Amino acid sequence: MQLKKLLTGVAYKVLQGSLERDVADLAYDSRKVVPDGMFVAIEGTVQDGHAYIESAVKAGAGVIVVEKEWAVEAEEVTVVLVPNGRQALSLMSAEYFDHPAEKMITVGITGTKGKSTVEHMVRDIIEKSGKTCGIIGTVGAFMNGKSIATEHTTPESYELQKILAMMVEEGCEYMVMEVSSQGIKMDRVAGIEFDYGVFTNIYPDHIGPGEHEDFAEYLSCKAELFRRCKTGIVNRDDEHYDDIVKNASCRVITFGCSPEADLRAEDIRHVVDGGDLSMEFHAAGLMDGEIVVGLPGRFNIFNAMCAACVGVALGMPYDVICHALEHVKIRGRVELMPVSDEFSVLIDFAHNGVSSENVLSTLREYNPHRIISIFGCGGNRSKVRRYEMGEVIGRMSELAVITSDNPRREEFRDIAEDIKTGMAKSQGNYVVIEDREEAVAYALEHAEKGDMIILLGKGHEEYQEIQGVKHHYSEREAVVKGMKKVYGKDFSFLLDQPIR
């Protein structure tokens, strides 16, 4: 593609060379540069891409995009200066892949909690209506039975645009994706105008080094989505609702229990049917009728209303929306592992104080004998999250098993000490077992009739990151191994169920 065309919509200054040249491909990692390709040097929070310009030139880069004045000895190389490398990369990537988002109906979902659940609910509604839909989020990207692993909830812009182009090639009519606050802050979705922007809720999270400076910035990034979409679907009950919509440039549809909401949930009920836990409510406003949600917890009522709002806005039939919500099952989101009639084992991605409290409150509503929580906290992340997790889980569990959860480059014992600081505030009972598989086996061995064992933090993830290396680990496999070890029972057939 011609460099001049690639730079459409980008503010730039040519420092050397010519714009009249073809670009073979784009890269922001010098190791991925191809001959006659472009290297975009980005000054990040950890590394400065400008330090790798020489490596990119040696690899054959014909164009270098920089964020500061820079000279390259090779006169045949074109050097282009831009004010924001990440934004330029995003806009150029969209141009390079011929703006694939414009060829589908797009739904972007932001919020502290519920993004993945709502994404899967919306995908199910779309697919049950007979349409094709691709999704991008925490568990990766999926389209027509194909899956692509992604490093971030919202992939870097080049990878994102490449995935969107693949969806178009696969015939996807719709695309639903999680839009993280980091994805907005880091300009990964720059250049995309979503047909529908969705806000689930917001709580203090992702605040600290390498993430957001403070809650105000976090909130501002969430609200930015509603200046980048045509229609906004927003939680009317969230206490920050006014801040989210005050500068919105889109039309707004709301959901919640509030009388002001366009779609309202009334007469909410918890349902126990054998080993299954579900919810029911009466929908009023945009919909009128009974809705069954195939997931437990009041927070899933809000997720279901959110998805139903999207379904209504998309023009999906009422019966299709209801059927999808009733039969929804999501990997790693209050996922039941049916391994015993004596006690329950569930897996959930909750990895902060707020989401953990929501999950544990949900389990408490079903009157368990005891709650046993297995959890840890990520390394190289805010210590506040560890204190909060420790305090919440200590207060709401009869027994906590503190274990490893992506310690990254920190020592497990240091993370555990921070968790124990929070745990001390609640005077909760706990044991510390670093190996997560051993922690799961311990909980299974000490389970009593009527207990609920909840594995928190990993959810769908299938790795543990230790000292910069990702090692294979699966909560579901750990439960199967634990049942085999403790009770001699083989539940390996449960691992054959596809990720959904």
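The coordinates are above.
This write-up is about the structure you can find in this document. (Residues numbered from 1 in each chain as written. Predicted model: local features only at pLDDT ≥ 70, side-chain atom pairs only at ≥ 80, totals over all residues. Heavy atoms only, no water.)

1. Comments concerning the packing of aromatic side chains
For the coordinates displayed, the defined rule picks out 5 aromatic pairs. Ring plane angle 40° and centroid distance 6.1 Å describe the contact between Phe 491 and Phe 493, whose orientation is recorded as tilted. Judged by relative accessible area, which is 12%, Phe 491 ranks as buried. Of the aromatic side chains, those joined through ring pairs into one cluster are Tyr 96, Phe 97 and Tyr 158. Of note, Lys 458 hangs over the ring of Tyr 463, and the distance from its end group to the ring centre comes to 4.8 Å. Directly above the ring of Tyr 463 sits Lys 470, whose terminal nitrogen or CZ lies 4.4 Å from the centroid. (Phe/Tyr/Trp six-rings, centres within 6.5 Å; stacked < 30°, edge-to-face > 60°. Buried < 20%, exposed > 50% of the residue type's maximum accessible area, 1.4 Å probe, protein only. Lys NZ or Arg CZ within 6 Å of the ring centre and 35° of its normal.)

2. Let's talk about the packing of helix α4 (residues 115–128) against helix α9 (residues 298–313)
Look at α4 against α9: their axes get within 9 Å of each other, and the N-to-C directions meet at 40°. When the axes of α4 and α9 are compared, the pair comes out oblique. As for how α4 packs across α9, the hand of that crossing is right-handed. Here Thr 117, Val 118, Met 121, Val 122 and Ile 125 of α4 come into contact with α9, specifically with Asn 300, Asn 303, Ala 304, Cys 306, Ala 307, Ala 308, Val 310 and Gly 311. Within the contact of α4 with α9, the residues separate by chemical class into 9 nonpolar, 4 polar and no charged. (Axes fitted to C-alpha atoms, helices over the stretch in contact; angles between N-to-C directions. Helix = DSSP H or I, 4+ residues; strand = E, 2+ residues; numbered from the N terminus. Parallel < 35°, antiparallel > 145°, perpendicular 65-115°, else oblique. Left-handed = near helix turned anticlockwise from the far one by under 90°. Contact = heavy atoms within 4.5 Å. Nonpolar A, V, L, I, M, F, W, Y, C, P; charged D, E, K, R; others polar.)

3. Side note on empty space enclosed by the protein
Per the counting criterion, the structure on display carries 1 cavity of 30 Å³ or more. There is about 30 Å³ of room inside the largest cavity. Of the residues assigned to the lining of the largest cavity, the class counts are no nonpolar, 3 polar and 5 charged. (1 Å grid on protein atoms, 1.4 Å probe; cavity = no way out; pocket = protein on both sides within 12 Å on 5 of 7 lines; lining within 4 Å. Points joined across faces, edges and corners; volume = space filled by probe spheres on them.)

4. Quick word on the nonpolar core
By size, the foremost hydrophobic cluster in this structure holds 69 residues, and its most contacted members are Ile 233, Phe 281, Val 293, Leu 325 and Phe 375. At 10 residues, α9 tops the list of elements feeding residues into this core. Ignoring anything within four residues of it in the chain, the contact list for Leu 325 reads Met 121, Ile 125, Ile 291, Val 292, Val 293, Gly 294, Ala 304, Ala 307 and Ala 308. Met 104, Leu 219, Val 234 and Cys 250 belong to the second largest nonpolar core, which has 31 residues in total. (Core = buried A, V, L, I, M, F, W, Y, C linked by side-chain atoms within 4.5 Å.)

5. With respect to the sheet that holds strand β5 (residues 78–81)
The strands making up a sheet associate through hydrogen bonds between their backbones, and the pairing can be parallel or antiparallel. Strand order in the open sheet formed by 5 strands is β1-β5-β4-β3-β2, and the pairing between neighbours is mixed. Every interior strand has two partners, whereas the edge strands, β1 (13–16) and β2 (26–27), have only one. Two strands pair when backbone bridges link them, and β2 and strand β3 (residues 38–40) are joined in this way by 2 bridges, in the parallel orientation. Bridge pairing in β3 links Ala 27 to Phe 39. (Pairing = 2+ DSSP bridges.)

6. A short note on the pairing of strand β24 (residues 469–472)
Each regular strand shows side chains that alternate between the opposite faces of the sheet. As judged from the 4 bridges shared by strand β23 (residues 463–466) and β24, these two strands associate in the antiparallel manner. Bridge pairing in β24 places Glu 465 opposite Lys 470. Count of turn residues in the β23/β24 antiparallel hairpin: 2 residues, of which Gln 467 carries a positive phi of about 50°.

7. Some points on the environment of Glu 239
Tracing the sequence through the fold places Glu 239 in the loop between β12 (229–235) and α8 (241–245). Take Glu 239: its relative accessible area is 69%, and that puts it in the exposed class. Between the C-alpha atoms of Glu 239 and Tyr 203, which are 36 residues apart in sequence, the distance is 9.5 Å.

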